[in-house]
Every structure is written in C-alpha cells, then in structure tokens.
Amino acid sequence: MAKKNCEICGAEIGLLKQVQLADRTYICRDCLKKTSPYFDNMRCTLSDYKDHMVQLERSKKLDDAYFIKNKDASSFCAGKVRINEKAGLITFHGSKGGFMMFGNTELPIVYRIADIRNYELISERSRGTDGKEIENTYLHMFFVATSGVREIKMQMSRGDYNNIDRKLSQCFGGHGLVGGIISDVNKTKSQINFAKNLASTLKEANVKDALTGKGELNVEAAQGIVSAVDDAFYVDRRQLVERADAAIQAVLG
Ligand SMILES: [Zn+2]
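What counts, and at which threshold
Residues numbered from 1 in each chain as written. Predicted model: local features only at pLDDT ≥ 70, side-chain atom pairs only at ≥ 80, totals over all residues. Heavy atoms only, no water. Pairing = 2+ DSSP bridges. Helix = DSSP H or I, 4+ residues; strand = E, 2+ residues; numbered from the N terminus. Axes fitted to C-alpha atoms, helices over the stretch in contact; angles between N-to-C directions. Buried < 20%, exposed > 50% of the residue type's maximum accessible area, 1.4 Å probe, protein only. Parallel < 35°, antiparallel > 145°, perpendicular 65-115°, else oblique. Contact = heavy atoms within 4.5 Å. Nonpolar A, V, L, I, M, F, W, Y, C, P; charged D, E, K, R; others polar. Polar contact = N/O pair within 3.5 Å; in protein donor to acceptor, adjacent residues only side chain to side chain. Donors = N, O, S within 2.8 Å, 3.2 Å for Na, K, Ca; no water. pLDDT = per-residue confidence, 0-100. Expected span 1.5 Å × (residues − 1).

Undergrad: Looking at this model, I keep getting lost on the sheet that holds strand 11 (residues 151–155). Mind explaining?
TA: Within a sheet, each strand pairs with its neighbour through backbone hydrogen bonds, oriented either parallel or antiparallel. One open sheet holds the three strands; their spatial order is 9-10-11, and the pairing between them is antiparallel. Among the strands making up the open sheet, the edge pair consists of strand 9 (116–127) and strand 11. In this sheet, neighbouring strand axes are inclined to one another by 20° on average, regardless of whether the strands run parallel or antiparallel. Sheet topology note: the strand 9/strand 10 (residues 133–143) ladder contains 11 bridges and is antiparallel. Bridging across to strand 10, Arg-125 finds its partner in Glu-135.

Below, the structure written as structure tokens:
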C-alpha cells in the first residue's frame, strides 16, 4: 500500500502510524497526540482538527483565568468538570492515557454554557475480566455554534451527573433544558412570540406552496426562518451569552 503524508505536519506515515479522519484524510499519531481525549477521529474532519487546535489554545487561557485560579468555579467529578456560572463557562479536563503523571499535560476544553444544545446520562454494559457484567455511565453533551470538538462523552457516576445537571439547571434559570427549544416552546412568553413570528415568516416565505409545487419559495424570507430559530435558541440564554462573551473578551481580546 502506498505511503501517505500527514495532512498536518507533512511527515510520511507508515500504515501503523496512520490515523484516518472522518473525511478520509490522514494524520500521523504524533499529531493525534496533540488533541484532547474528547477528539474522536471517526467523527472529526481535517478542518475540525485545525479548529480543535485553536480551541485548545483558547481554552488553556480561559481555563487558567476562570477555573484553575478562580474561586467562582464549582468543581465536579474530581475537577474534571468545572462550571463558572458568573463567567457563563464550563470546562472539561482530560489527559491522554486517562491519568496524570510525569508532566502529562492536561488539555482542557472550555465552552459557553449557552451553547449547550442538550445532554444526557447514557449507560453502557460490558463484561469485566472476571466475566461479570459491569455498567458504565457517561455524561454525553452536545454543543452548537462551536468549532473543533462539539460533543463530550465522559465517564462518571450517576451522582456526579446529577450534581452537574443540578448546577446547569440553576445556570439556565431553574427550568433546566431537555432537548433545547422544542420542549420549551409554550413555556415562556418569548417562545410563544417566537412561534408566532415563525408562523408568519413561513407564510411570507411561501413555504407551503413551494413544498406542494404550487409556488416559488421566497428565499430571502426563508433565510429569516433560520435566523429566527437561532435567535429563539438563545432567547432565554441572552444573559449567559453576554456574561460568557465578556469573560472571553477579557482574556482573549
Ligand atoms: Zn503529523
């Protein structure tokens, strides 16, 4: 089989050192080592890799300012997850190999809490070396408007998950979030207004006739639907967005 070159550093890579990304490009193991343990090469493309490197660089600075050296941060899961409600940020720590030693560098990823699309506790069963069935539980969390790593799957106990869930519910004004805007529609005035606006925008865009072939889609109006949905996602999260953006700007400029 022909040798390949790493798309990042250019090094020639033999078969054993090849790592294929989701878009069928290849990088070398040394370049993979620079990623967070939450970087999944089966799901991430070369452009995600490049974005992730920027994400790590920015996260390191934010992590120092708002988590490691900040008493406003609450710590969960032995410090692997930290939430700073005041700064509107959440951080996930991880190091390759799963443990810290010999100067093994931690690679935090910091996200805006407002960008959390949803999260859940998932449970996977497997057999231990003694043949007994064991259950592992994970936090699985997804982010919108984020480049680089956009989902986190971290093993933790139900107790740790519940503590994080409680803290995030508090950050989201006590009503928590399940499935983002869908489950929240009808709950708040702002979201009822959103539904009304959306209905009139749908009419304006002529979506119904366009779908049945009776008329043309008004593209400009249709684009309004996309931004209306985006706005609605953040409608109850404006304060969280503002706090996070101010915090980020203070550190990264
Ligand atoms: Zn490389």
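This is not the end of the story, as more comes after the structure.
Undergrad: Looking at this structure, I do not really get unusual backbone geometry. What am I missing?
TA: Among all residues except glycine, the phi angle is most often negative; among peptide bonds, the trans geometry is most common. Even without being a glycine, Arg-24 presents a positive backbone phi close to 65°. Within the secondary structure, Arg-24 sits in the loop between strand 3 (18–20) and strand 4 (26–28). Phi at Ala-145 takes a positive value of approximately 50°, unusual for a residue other than glycine. Along the chain, Ala-145 turns up in the loop between strand 10 and strand 11. Judged by its relative accessible area of 65%, Ala-145 falls in the exposed class.

Undergrad: In this structure, what is going on with the packing of helix 2 (residues 46–68) against helix 8 (residues 238–252)? I would like to understand it.
TA: Helix packing for two helices is described by the angle between their axes and how far apart those axes are. Running from N to C, helix 2 and helix 8 point in directions that differ by 105°, and their axes come no closer than 10 Å. Classified by the angle their axes make, helix 2 and helix 8 are roughly perpendicular. On helix 8, the residues touching Arg-58, Lys-61, Leu-62, Ala-65 and Tyr-66 of helix 2 are Ala-247, Ile-248, Ala-250, Val-251 and Leu-252. Here the contact of helix 2 with helix 8 is composed, by residue class, of eight nonpolar, no polar and two charged.

Undergrad: Please clarify how the side chain of Thr-146 should be interpreted in this entry.
TA: Among the secondary structure elements, Thr-146 is positioned in the loop between strand 10 and strand 11. Among the polar contacts listed, one links the side chain of Thr-146 to the backbone oxygen of Val-144, at a separation of 2.7 Å. Setting aside its immediate chain neighbours within four residues, Thr-146 contacts Gln-55, Tyr-111 and Asp-115.

Undergrad: What am I meant to see in the coordination of the zinc ion here?
TA: Six octahedral donors at a metal ideally form angles of 90 or 180 degrees, and four tetrahedral donors ideally form angles of 109.5 degrees. Taken together, the protein donors to the zinc ion comprise Cys-6 (SG), Cys-9 (SG), Cys-28 (SG) and Cys-31 (SG), at separations of 2.3 to 2.4 Å. In primary-sequence terms, the residues that donate to the zinc ion follow C-x2-C-x18-C-x2-C. Taken together, the residues Cys-9 in the loop between strand 1 (4–5) and strand 2 (12–13) and Cys-28 in strand 4 connect sequence positions 19 residues apart. The buried category is assigned to Cys-28, whose relative accessible area is 5%.

Undergrad: Is there a simple way to think about the confidence of the model for the protein chain in this case?
TA: Segments scoring low in pLDDT should not have their predicted coordinates read at a detailed level. The pLDDT averaged across the protein chain works out to 85; a share of 88% of its residues lies at or above 70. Between residues 98–103, whose pLDDT stays under 50, and residues either more than four places distant or in other chains, the model counts three contacts. Segment residues 178–186 is flagged for pLDDT under 50; beyond a separation of four residues in sequence, or across chains, it makes 12 contacts in the model.

Undergrad: Teacher, can you tell me more about the pairing of strand 7 (residues 89–92) here?
TA: The side chains of a regular strand alternate, first on one face of the sheet and then on the other. Side chains of strand 7 alternate between two faces, with Leu-89 and Thr-91 and Ile-90 and Phe-92 buried alike. The turn joining strand 6 (residues 81–84) and strand 7, which pair antiparallel and follow one another in sequence, is formed by four residues; a positive phi near 65° is taken by Gly-88. As paired strands, strand 7 and strand 8 (residues 109–112) are joined by four bridges and run antiparallel to one another. Across the sheet, Phe-92 pairs through a bridge with Ile-109, a residue of strand 8.

Undergrad: When you look at helix 3 (residues 158–171) in this model, what are you seeing that I'm missing?
TA: Structural remark: α-helix, 3.6 residues per turn; residues separated by three or four positions point the same way. For helix 3, built from 14 residues, the straight-helix expectation of 20 Å at 1.5 Å per residue is met to within 8% by its first-to-last C-alpha distance of 20 Å. Those residues of helix 3 not exposed but buried are Tyr-161, Ile-164, Lys-167, Leu-168, Ser-169 and Cys-171. Considering only its buried residues, helix 3 is in contact with strand 5 (74–76), strand 6, strand 7, strand 9, strand 10 and helix 8. Gly-173 occupies a position one or two residues after helix 3 and carries a positive phi of about 80°.

Undergrad: Could you clarify how one ought to interpret the sheet that holds strand 6 in this entry?
TA: Taken in spatial order, the four strands of this open sheet run 5-6-7-8, and their pairing is antiparallel. Every other strand in the sheet has two partners, leaving strand 5 and strand 8 as the edge strands with one partner each. Neighbour-to-neighbour, the strand axes of the sheet open up by a mean angle of 20°, direction not taken into account. Bridging between strand 5 and strand 6 involves three bridges; their strand directions are antiparallel. Looking at strand 6, one finds that Ser-75 is bridged to Arg-82. Here helix 3 sits on the sheet in contact with strand 5, strand 6 and strand 7, set at roughly 20° to strand 6.

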